[in-house]
Amino acid sequence: MRIVDAREAPEQAVAIRMTMLREIGGLPAGHAFPQEMVRRTAEYLAAGQQTTLLAMDGDVPVSCATLCYITLLPTLSHPTGCRAHLMNVYTASAYRGQGLARRLVTALIEEARSRGVTEISLDATAAGRPLYEALGFRANEEGMTKILRP
C-alpha cells in the first residue's frame, strides 16, 4: 500500500469520500449525490485548508483520512491559534484490520504537530473510538454547537 496526498489523486479522493458517505449514511451503492456537493468536495480537497491522505492499492483508494486546519484567535492554552479537526477516516471493508487508518491518522498528527497545531478534535464513531484512544485522543464534554441551516 502506498500513501498519497489527495491532491495527487483528486478523482480517487472524491470517489472514496462519496463511498464513505454512502456507507455511513446507509445509502445504496449507486446513490448519486447532488452535483453541487460533489463539485464543492472536489474544490475543497484541491484548495481547502486541509490535508487528506489516501492509502492506495494500485490506483484504487482503499482508506482515507482528512485533517482540516482551523485558525482562531490565540488563547493561553492555544498560543498559536492553530487547531484542526480530524474527519473522514475510512477504510474499505476488505482492507480493515491492516492498520491503514492508524498509519494515515498518525501521519496527520505528525503533520499537525509540524504546523503548530495545539489541538485536534474529532467526532468518533463507536468503531473508531478504540483507534483514537490508542493514539491519545480523549473524550470531553466541554463544548456546545448550534446547527445553522440555510
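No experiment lies behind these values; they were computed from the predicted model shown.

Caption draft 1: Seen up close, the pairing of strand β2 (residues 50–57). Of all eight residues in β2, seven are buried; the element is thus mostly enclosed. Hairpin geometry of β2 and strand β3 (residues 60–71) is characterised by an intervening segment of two residues between the two adjacent antiparallel strands and by a positive phi of about 70° at glycine 58.

Caption draft 2: Local environment of the side chain of arginine 17. Tracing the chain through its elements places arginine 17 in helix α1 (residues 10–24). The buried charged residue arginine 17 lacks any salt bridge, with aspartate 123 as its nearest oppositely charged partner at 11 Å. In this structure the side chain of arginine 17 is engaged in a polar contact, spanning 3.5 Å, whose partner is the side chain of threonine 41. For arginine 17, the contacting residues outside a window of four places in its chain are Met37, Thr41, Met87 and Asn88.

Caption draft 3: The arrangement of the nonpolar core in detail. Formed by 17 residues in total, the largest nonpolar core has its most connected members in Leu67, Leu86, Leu108 and Val117. Elements with a contribution of two residues or more to this core: β3, β4 (82–91), α3 (100–114) and α4 (129–134). The element best represented in this core is α3, accounting for six residues. Excluding residues that lie within four positions of it along the chain, leucine 86 makes contacts with Thr66, Leu67, Val105, Leu108, Ile120, Ser121, Leu122, Asp123, Tyr132 and Phe137.

Reading guide: rules and limits
- Residues numbered from 1 in each chain as written.
- Predicted model: local features only at pLDDT ≥ 70, side-chain atom pairs only at ≥ 80, totals over all residues.
- Heavy atoms only, no water.
- Buried < 20%, exposed > 50% of the residue type's maximum accessible area, 1.4 Å probe, protein only.
- Helix = DSSP H or I, 4+ residues; strand = E, 2+ residues; numbered from the N terminus.
- Pairing = 2+ DSSP bridges.
- Lys, Arg positive; Asp, Glu negative; His and termini not counted.
- Salt bridge = Lys/Arg side-chain N within 4 Å of Asp/Glu carboxyl O.
- Polar contact = N/O pair within 3.5 Å; in protein donor to acceptor, adjacent residues only side chain to side chain.
- Contact = heavy atoms within 4.5 Å.
- Core = buried A, V, L, I, M, F, W, Y, C linked by side-chain atoms within 4.5 Å.

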